[in-house]
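Fold and contact review
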Amino acid sequence: APHPLRCGRHQLDLSYPRVMGILNVTPDSFSDGGRHNALDDALRHAERMLAEGAAVIDIGGESTRPGATPVSPQEELDRVLPVVERLVRELDALVSLDTSQPQVMREAASLGAGMINDVRGLRWPGALEAAAVSGLPVCLMHMVGEPTDMQLSPHYDMPIEDAVAAFFETRIAECEAAGLRRDRLVLDPGFGFGKRVEHNLRLLNRMQQLTDFGLPLLVGMSRKSMIGKVLARPVEERLPGGLALATMAVERGARIVRVHDVGPTVDAVNMTWAVLQEGTDA
Ligand SMILES: Nc1nc2[nH]c(SCCc3ccc(S(N)(=O)=O)cc3)nc2c(=O)[nH]1
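Every chain begins its residue count from 1, and numbering advances along the sequence as written. A pLDDT threshold of at least 70 governs which residues receive local features in this predicted model, and a stricter bar of 80 or more applies before side-chain atom pairs are shown or counted, although totals over entire chains, interfaces and linings include all residues. To obtain the side-chain values, all non-hydrogen atoms of the structure were used and water was disregarded.

**A look at the overall build of the protein chain**
Only DSSP runs of H or I with at least four residues qualify as helices, and only runs of E with at least two residues qualify as strands; both kinds are numbered from the N terminus onward. Counting its regular elements, the protein chain contains 9 helices and 10 strands. Throughout, the radius of gyration refers to the C-alpha atoms, and the reference size of a globule is 2.2 Å times the residue count to the power 0.38. In summary, the protein chain has a C-alpha radius of gyration of 17 Å against a globular reference of 19 Å for 282 residues, a match within 12%. Residues classed as buried in the protein chain amount to 55% of the 282 residues present. Put simply, of all contacts in the protein chain between residues at least 6 apart along the chain, 69% involve residues at least 24 apart. Surface summary for the protein chain: the accessible area is close to 11900 Å², and the carbon and sulfur share equals 52%. Positive charges come from Lys and Arg, negative ones from Asp and Glu, while His and the chain ends are left out of the count. Where a charge lies is defined by one atom per residue type, namely NZ (Lys), CZ (Arg), CG (Asp) and CD (Glu). When the 29 positive and 38 negative side-chain charges of the protein chain are each reduced to one mean point, those points stand 1 Å apart. Buried, partly exposed and exposed residues are distinguished by accessible area as a fraction of the type maximum, computed with a 1.4 Å probe on protein chains only: under 20%, between the cut-offs, and over 50%, respectively. What makes two residues a contact is simply this: any of their non-hydrogen atoms within 4.5 Å. Per-residue accessibility takes into account occlusion by the displayed protein chains alone, with areas from the Shrake-Rupley method and a 1.4 Å probe.

So this is what it looks like as structure tokens:
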């Protein structure tokens, strides 16, 4: 079992699956319509997710849903830093920063954020160095292209799980070469990022293969279109589908599940884990 992940002044025990709560501070948050923009709303939302069992709160100032356009570094800083500062000071929360901007990584780390979650896998200029010097654990997520073009007929010359594994090989090597130790890395297949529904479904079904890296796996499928397309449900009716996916992800080795609906997911994950503990070959 992966030893505890050192996240700044927090330790994240990954010997059992944990839930990461999503705190969007973008005006067009793809599923909550930016209701949580005001600082106080964000704090209350985070407080509720922590009370419901979230081990980590993931804060994102740039919308990376398909078609979204990047924001300026300053705009992202203005959105996330006040929230990070208060979450750390008032709730002593383990805060993950959903950002690709080196400057946001540096400033959030200095405010006490405990983890960097980069959907671009530290590929933007300066990101690798900023992450390395932060000393924080980093989630490397697989994405092909950019949010502006990633869903324009995504295609792969090999099975999706092999493409993702190859990407992880490269990114892990780059991180190690930059002095970012392997034991600070978390891997994420990036559901919905440059992938068709069939890619997402196969990727989940074959995800066990990605545990061969011996690194914790993080998954984010909450309210995403892979649920909408299969079940023909609008964004606000995707919780049952999301719970099924969270369950399957934990069965296939995921250790962090990134969701909007923390309470229900904590129960689904804990129920799944209880079953896996009994009688699964050690
Ligand atoms: N590590 C990690 N961080 C994440 N941050 C986000 S933001 C979601 C952006 C989005 C929304 C909707 C669709 S869609 N078209 O599939 O419904 C795709 C991407 N997601 C993830 C994720 O998974 N991992």
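Okay, back to it.
**A few points about helix α3 (residues 102-110)**
Residues of α3 that are buried: Pro 102, Val 104, Met 105 and Ala 108. The buried side chains of α3 occupy one side of the element, clustering within an arc of 165° when seen end-on. Taken together, the buried residues of α3 touch α2 (73-91), β5 (95-98), β6 (115-118) and α4 (127-134). Downstream of α3 by one or two residues, Gly 112 has phi in the positive range, about 105°. The directions considered for the arc run from the helix axis to the C-beta atoms.

**Some points on the site of the ligand**
Near the ligand there are 17 residues, and of these Asp 98, Asn 117, Asp 188, Lys 224 and Ser 225 occur at the shortest range. At a separation of 2.6 Å, a nitrogen atom of the ligand approaches a polar side-chain atom of Asp 188. Definition of a polar contact: a pair of N or O atoms within 3.5 Å, with one able to donate and the other able to accept a hydrogen when the atoms are protein atoms, and with sequence-neighbouring residues admitted only if both atoms are side-chain atoms. Interatomic distance of 2.8 Å between a side-chain N/O atom of Lys 224 and an oxygen atom of the ligand. In isolation the ligand has 550 Å² of accessible area, and contact with the protein removes 93% of it. Considering only residue class, the shell around the ligand consists of 7 nonpolar, 5 polar and 5 charged. Any residue with a heavy atom positioned within 4 Å of a molecule or strand is treated as near that molecule or strand. Three residue categories are used. Nonpolar comprises Ala, Val, Leu, Ile, Met, Phe, Trp, Tyr, Cys and Pro, charged comprises Asp, Glu, Lys and Arg, and polar comprises the others, including Gly.

**Some thoughts on helix α5 (residues 160-177)**
Counted at 1.5 Å a residue, the expected span for α5 with its 18 residues is 26 Å, and the 26 Å between its end C-alpha atoms agrees. Taken residue by residue, α5 has Ile 160, Glu 161, Ala 163, Val 164, Ala 165, Phe 167, Phe 168, Arg 171, Ile 172 and Cys 175 as its buried positions. Of the surrounding elements, those touching the buried residues of α5 are α4, β7 (138-141), β8 (185-188) and α6 (197-205). Where α5 ends, the next residue or the one after it, Gly 179, has phi of about 85°, a positive value. Given the number of residues in a helix, its expected span is that number minus one, multiplied by 1.5 Å.

**Overview of the pattern of salt bridges**
Salt bridge, as used here, is a side-chain nitrogen of Lys or Arg placed within 4 Å of a carboxyl oxygen of Asp or Glu. What the rule picks out here adds up to 18 salt bridges. Arg 86 is the partner of Glu 90 in a salt bridge, and the nearest nitrogen-oxygen pair spans 2.9 Å. Residue Glu 90 and its partner Arg 86 are both found in helix α2; the two are separated by 4 residues, about one turn of the helix. According to the relative accessible area criterion, Glu 90 is partly exposed, its value standing at 40%. We note a salt bridge from Arg 206 to Glu 161, for which the minimum N-O separation is 3.7 Å. Within this pair, whereas Arg 206 is found in the loop between α6 and β9 (217-219), its partner Glu 161 is found in helix α5, the two being separated by 45 residues in sequence. Glu 161 sits in the buried class, given a relative accessible area of 2%. One salt-bridge network, held together by shared partners, links Asp 40, Glu 85, Arg 86, Arg 89 and Glu 90.

**Things to note about the state of the cysteines**
The bond known as a disulfide is covalent and runs between the sulfur atoms of two cysteines. Criterion for a disulfide: a pair of cysteine sulfur atoms within 2.5 Å. The final tally for this structure, using the stated rule, is 0 disulfides. Not engaged in a disulfide, the cysteine Cys 7 finds its nearest cysteine sulfur in Cys 139; these two sulfurs lie 11 Å apart. Residue Cys 139 stays outside any disulfide, its sulfur separated by 11 Å from that of Cys 175, the closest cysteine.

**Points about the environment of Thr 211**
With respect to the helices and strands, the residue Thr 211 is situated in the loop between α6 and β9. In this structure, the C-alpha to C-alpha distance between Thr 211 and Ala 254, residues 43 residues apart in sequence, is 8.3 Å. The residues contacting Thr 211, other than those within four sequence positions of it, are Leu 217, Arg 252 and Gly 253. At a separation of 2.5 Å, a polar atom in the side chain of Thr 211 contacts the main-chain carbonyl oxygen of Gln 208.

Honestly, that's just the spatial picture; any functional story needs more than this.
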